[in-house]
Structures are given as structure tokens and as C-alpha cells.
Amino acid sequence: MAKDWDLIITGGQVFTPSGLVAADVAVAEGRIADIGSLDSAGADEVIDAKGLTVLPGVIDTQVHFREPGLEHKEDLESGTRAAVMGGVTAVFEMPNTSPATIDAAALNEKLTRAEGRAWCDHAFFIGAAAENADKLAELERLPGCCGVKIFMGSSTGSLLVPDDDTLRRVLSSGRRRCSVHSEDEQRLKERFELVRDGGKVAQHPEWRDVETAVRSTKRLLRIAREVGRRIHVLHVTTAEEVPLLAAAKDIATMEVTPQHLTLAAPYCYEDLGSLAQMNPPIREARHREALWQAVRLGIVDVIGSDHAPHTREEKQAPYPRSPSGMPGVQ
Ligand code: DOR
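This is a predicted model, so every value here is computed, not measured. (Residues numbered from 1 in each chain as written. Predicted model: local features only at pLDDT ≥ 70, side-chain atom pairs only at ≥ 80, totals over all residues. Heavy atoms only, no water.)

Brief notes about the sheet that holds strand β9 (residues 145-151)
Move 1: Spatial ordering of the open sheet is given by β6-β7-β8-β9-β10-β11-β12-β13, a layout of eight strands whose pairing is parallel. Whereas interior strands pair on both sides, the edge strands pair on one side only; in this sheet they are β6 (58-63) and β13 (302-303).
Move 2: Strand direction decides the pairing type here: strand β8 (residues 121-127) and β9, joined by four bridges, are parallel. Looking at β9, one finds that Gly-127 is bridged to Lys-149. (Pairing = 2+ DSSP bridges. Helix = DSSP H or I, 4+ residues; strand = E, 2+ residues; numbered from the N terminus.)

What follows is the structure, given as C-alpha cells:
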């Protein structure tokens, strides 16, 4: 007799722990109830997935939603709705909101706001700063916290750990793997002259150049090793960082984003202007190819979206006042 399922997805190639298999998937009360060759007769709803790949929901481990403080760009309801529309069933959300998520009160505020409004599972990062460096061991273990995020270079918002001493204090406090935006703040400041007075958005990867990323990642690896802390380097963008990180697999994991795997300078800036502006920047094709090679070789551990929306109006401000970041969770 056919079973009483709410939904059957039939005829697709299903991604399972042992690889792709031709199978049907049955769902009952919001959960996968069976996988195999199934009779769809008793199901309330049938989705024909012939010719399609059936994936489990994915986790996006880098999204910047904008609540609290920047809800004119997006809020937790709309951000998580975009996530589930794209098959993302859990998100790790970044701390550069307003106020920044740097203490227990701010973390709990996000958890409360998400209650009953978030469409997907969620956890929030605690941002590292000089003022909370010594409390991070405690903060990273709070319920609903997915870990500590360090901005070594400034991006959207004010969170920053620019110097080695503060970085050492941050990495010495706590045990969980730390996620890091790796760009060298000192070099960013020195090179800002290049674009300060009316630069062009195509110069974004020239201001925030390869050396800015490489220098930062070398400092990070040195200090992480010194204090014995595991790290996760977010949105890696340069060919030069790949061998550094490949040689440090015992302490370091790495992420790349779909945008760095699919776009390349200078064309992305010619075609999209500041819509292609993000930190770290989209670079020339040789970097994109090196990142693909790192994916193929299994050096890349995570593909994350770095979802970071701004309004179209904000994006239209003249560079370099146009904000960095683009949506991507969906
Ligand atoms: O381009 C970016 N935008 N990079 C970041 O690191 C932050 C993000 C944002 O929040 O806008």
C-alpha cells in the first residue's frame, strides 16, 4: 500500500553521502522520510525532478544581513527568505551590523529579532575588537554564536583588528576556529591615495591589491601558528594566497565565493560598475583560474556567498564612496 507522504520528489539524481544516485525522496511533516524507489500514489504533492539534481539544503557560512540598524538595505526576514528561495537552509551571519555584534547583548538582540521571523536556521558571529578581545573565549561559546569574525582590513562598518598585538590577543582568547577577512589595513590606508580624489571603480583591485591580501594572510598564518589557533580565511581572492593556505591545512581552512569564481577584472567593472565592487575585490582572470584550480584540488573547504546587499542608490555614489558588497545568498 502506498504510504501517506506530504511530498515526493521523483525521478531526480539525488546527492547522498555516497554520491549521486537515481532515487525518489519522500517528505513527511517537514522531514525526509525515505529515499529510494518509491510509490508516489499516496503523496499529497509530487514534484517531477527528471533531469534535475536533488540537493539537500546548504549552509551559507558567510552572509551579511543588515538588521539591526541598516534595515533599509535588508532585514532578517527578507534575508532569510532569499536564503530559502535559493536552497540555503542555514546561515552564519556576520557581525558588521549597527550596532556591531561585539557583546552578549547584541548577540541576544539578533537572536530575539530572528525568532518567528527567520525562514531558515541561523547563527550569528561575534565581531572581534580591541575592547572585547579578552572576553572572546566566553562570547564564542554563547548559544546561537557560530564563532568569532575578525576584520584585519576595514570594509563595511567599523569593526577592525588592524595590528599584530590586538590580533594576537584576539587569537589567544578562545579555542574555536576564527573566521577572518584578510586584508592588510596599513597597506589599505597607504594606497587609498590612489583613489581618494575621484578614482574609477576599475581601480578597486589596484587600491586593494594582491600584496594587501598576501601580506595580511602571511601575518595571520604566522600569529595563528604562534598561538596555536585554527583559522578560516574568508573570500580568498589571490593566486598567491592559495599555496600559502594549502601548506597550512593543519591550522587553516579557506573559502572562495561564486563571484570570485565567475567574474574577472577589468570586464566586470566595465559591465557592472560598482555593482561588481566588493572587498576583497574581483581580480584579473589569472586569479579566478587559480581559485578554480584550488577548488578542483580540494584546497578550498567552503564556498560561501559573502551576501552583502546595499541599495542601488547607495551603489551609485561616485567611487570610492560607493559601498562594497553584493547580494548572493539566493
Ligand atoms: O564587500 C564587502 N561587503 N566585503 C565585506 O567584507 C563586507 C561586506 C558588507 O558588509 O557590505
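So, the site of the ligand
Move 1: Among the 15 residues in the neighbourhood of the ligand, the closest are listed as Arg-66, Asn-96, Thr-156, Asn-279 and Ser-324.
Move 2: Isolated, the ligand exposes 290 Å² of accessible area, and the fraction of that covered by the protein chains is 100%. (Near = heavy atom within 4 Å. Areas by Shrake-Rupley, 256 points an atom, 1.4 Å probe, with all protein chains shown as cover.)

Observations regarding helix α1 (residues 76-85)
Move 1: What α1 keeps buried is the set Leu-76, Gly-79, Thr-80, Ala-82 and Ala-83. Buried residues in α1, looked at end-on, bunch into an arc of 150°, giving them a common side.
Move 2: Close packing links the buried residues of α1 with β7 (88-93), α2 (104-114) and β8.
Move 3: Capping the start of α1 is the job of one residue whose side-chain oxygen sits 3.1 Å from the backbone nitrogen of Glu-77: Asp-75.
Move 4: Looking at the residues trailing α1, positive phi occurs at Gly-87, about 85°. (Buried < 20%, exposed > 50% of the residue type's maximum accessible area, 1.4 Å probe, protein only. Arc of directions from axis to C-beta. Contact = heavy atoms within 4.5 Å. Polar contact = N/O pair within 3.5 Å; in protein donor to acceptor, adjacent residues only side chain to side chain.)

What about the packing of aromatic side chains?
Move 1: Taken as a whole and judged by the stated rule, the model has two aromatic pairs.
Move 2: When the ring of Phe-92 is compared with that of Phe-125, the centres are 6.2 Å apart and the planes differ by 75°; the resulting orientation is edge-to-face. One end of the pair, Phe-92, is in strand β7; the other, Phe-125, is in strand β8, with 33 residues separating them in the sequence.
Move 3: Just above the ring of Phe-151 sits the side chain of Lys-149; from NZ or CZ to the centre is 3.8 Å.
Move 4: The residue whose ring lies beneath Arg-208 is Trp-207, and the NZ or CZ to ring-centre distance is 4.8 Å. (Phe/Tyr/Trp six-rings, centres within 6.5 Å; stacked < 30°, edge-to-face > 60°. Lys NZ or Arg CZ within 6 Å of the ring centre and 35° of its normal.)

Some words on the nonpolar core
Move 1: Within the largest apolar cluster, 46 residues are counted, with the highest numbers of intra-cluster contacts made by Ile-150, Leu-171 and Ile-231.
Move 2: When residues of this core are assigned to their parent elements, the largest contribution, four residues, is made by helix α8 (residues 210-227).
Move 3: When near neighbours in sequence (up to four residues on either side) are disregarded, Leu-171 contacts Ile-150, Cys-178, Leu-220, Ile-223, Ala-224, Val-227, Arg-229 and Ile-231. (Core = buried A, V, L, I, M, F, W, Y, C linked by side-chain atoms within 4.5 Å.)

Description of the pairing of strand β12 (residues 252-256)
Move 1: Most of β12 sits inside the fold, with five of its five residues counted as buried.
Move 2: Direction of pairing for strand β11 (residues 231-233) relative to β12: parallel, over a ladder of three bridges. When the bridges of β12 are listed, His-232 appears paired with Thr-253.
Move 3: In this view, the connection linking β11 to its parallel neighbour β12 by way of helix α9 (residues 241-246) has right-handed handedness.
Move 4: Sheet topology places β12 next to β13; two bridges connect them, and they run parallel. If you follow Val-256 over to β13, its bridge partner there is Ile-303. (Right-handed = clockwise from strand over helix to strand, strands pointing away.)

Here's the deal with unusual backbone geometry
Glycine aside, a negative phi is what most residues show, and trans is what most peptide bonds show.
Move 1: Between Glu-67 and the following residue, Pro-68, the backbone shows a cis peptide bond with an omega angle of 5°.
Move 2: Mapped onto the secondary structure, Pro-68 falls in the loop between β6 and α1.
Move 3: Across the junction of Asn-279 and Pro-280, the peptide omega takes the value -10°, indicating a cis bond.
Move 4: Locating Pro-280 in the fold gives a position in the loop between α11 (267-272) and α12 (285-296).
Move 5: If you check the backbone angles, Asp-306 has positive phi at about 55° while not being a glycine.
Move 6: Secondary-structure assignment places Asp-306 in the loop between β13 and α13 (312-315).
Move 7: By relative accessible area, which is 5% here, Asp-306 ends up buried.

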